[in-house]
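Single-letter residue listing:
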Amino acid sequence: KQWYQRRVRGRQVEDQFRAEVCKVPSYQSIRISSVEKPNATKQNQLRSSFSVRCNALRDPDLRIRLYYCGGKAGTLHRILKEGFQPRDMVAGDYGVGLYFTQNPVRAMQYSEPGLLLQCEVGIGMAESVLKMDQNRNRPPVGYDSVLTGDRNVDHVGIYSHQRHNELQYLIFDSTQAIPIYLVYFNI
């Protein structure tokens, strides 16, 4: 029974991923080769720390599934096995932290080709910001995260061709996100 439930959940992840990616005409031929889940024991440990952290957020119920914007293959596999660490923080246009998006095509820009990490992220109270600040290393006072706002972005590199309206979430605490699935795919 557990095997069947895991397979159904994995299939749901595949279907959701495919539906989002196929909105971009040049990616309609995407093939998902597999979906990997973290070790159950480690996942329970990560979920425990994640729950403690989320309960301390200003809006503890605001948790959503997002794609991680970053990582080489080795880093993504380590995050899947061990969870996010402070060393995974990256310096980006809006600050030093962990960047996430609902748009898998956007996340592809920053990840190893053929791999995407889907995560559960505790957003809490997010302040929407439009002004870039590469030195930001914590959320504004009274907030738990940053929402980078709606902006048009040209996709560059291996997954270029389209313009999309983008939203990215930026968190500053590595325990505010846990890996759920590592998706392997081919375009």
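All values reported here derive from a predicted model rather than from experimental measurement. (Residues numbered from 1 in each chain as written. Predicted model: local features only at pLDDT ≥ 70, side-chain atom pairs only at ≥ 80, totals over all residues. Heavy atoms only, no water.)

Trainee: For the overall build of the protein chain, give the residues involved together with the corresponding values.
Mentor: The secondary structure content of the protein chain amounts to 4 helices and 11 strands. Each of the 187 residues in the protein chain was classed as buried or not, and the buried ones make up 45%. For the protein chain, contacts bridging at least 24 residues in sequence account for 73% of all contacts bridging at least 6. As displayed, the protein chain offers around 9,700 Å² of accessible surface, 48% of which is attributable to carbon and sulfur atoms. (Helix = DSSP H or I, 4+ residues; strand = E, 2+ residues; numbered from the N terminus. Buried < 20%, exposed > 50% of the residue type's maximum accessible area, 1.4 Å probe, protein only. Contact = heavy atoms within 4.5 Å. Areas by Shrake-Rupley, 256 points an atom, 1.4 Å probe, with all protein chains shown as cover.)

Trainee: Could you give an account of the nonpolar core, with specific residues and numbers?
Mentor: Generally speaking, nonpolar side chains in soluble globular proteins are found buried as a group. With 28 residues, the main nonpolar core has F17, V21, I30, M108, L116, L170 and F185 as its most contacted residues. For this core, the elements supplying multiple residues, two or more each, are α1 (2–21), α2 (40–55), α4 (104–108) and β11 (177–186). Counting residues per element, this core draws most heavily on β11, which supplies 5 residues. Every residue in contact with V21, bar those within four places of it in the chain, is listed here: Y27, I30, P104, V105 and M108. (Core = buried A, V, L, I, M, F, W, Y, C linked by side-chain atoms within 4.5 Å.)

Trainee: Account for the pairing of strand β5 (residues 115–122), naming residues and giving values.
Mentor: Counted residue by residue, β5 has 8 buried out of 8 residues, so it is predominantly covered. Residues of β5 alternate between two faces, with L115, L117, C119 and V121 on one and L116, Q118, E120 and G122 on the opposite face, all of them buried. Pairing geometry for strand β2 (residues 63–68) and β5, over 5 bridges, is antiparallel. Looking at β5, one finds that Y67 is bridged to Q118. Pairing geometry for β5 and β11, over 7 bridges, is antiparallel. Following the sheet pairing, C119 is matched in β11 by P179. (Pairing = 2+ DSSP bridges.)

Trainee: I'd like to hear about α2, residue by residue, with values.
Mentor: The terminal C-alpha atoms of α2 lie 22 Å apart, and with 16 residues this matches the ideal 22 Å at 1.5 Å per residue to within 8%. Taken residue by residue, α2 has Q43, L46, F50 and C54 as its buried positions. Each buried residue of α2 lies within a common arc of 75° when the element is viewed along its axis, so the set occupies one face. Along α2, exposed side chains directed more than 90 degrees from the buried face belong to T41, N44, V52 and N55. Tucked into the core, α2 has its buried residues touching β2, α3 (73–82), β5 and β11. Sitting at the head of α2, N39 places a side-chain oxygen 2.8 Å from the backbone nitrogen of T41. (Expected span 1.5 Å × (residues − 1). Arc of directions from axis to C-beta. Polar contact = N/O pair within 3.5 Å; in protein donor to acceptor, adjacent residues only side chain to side chain.)

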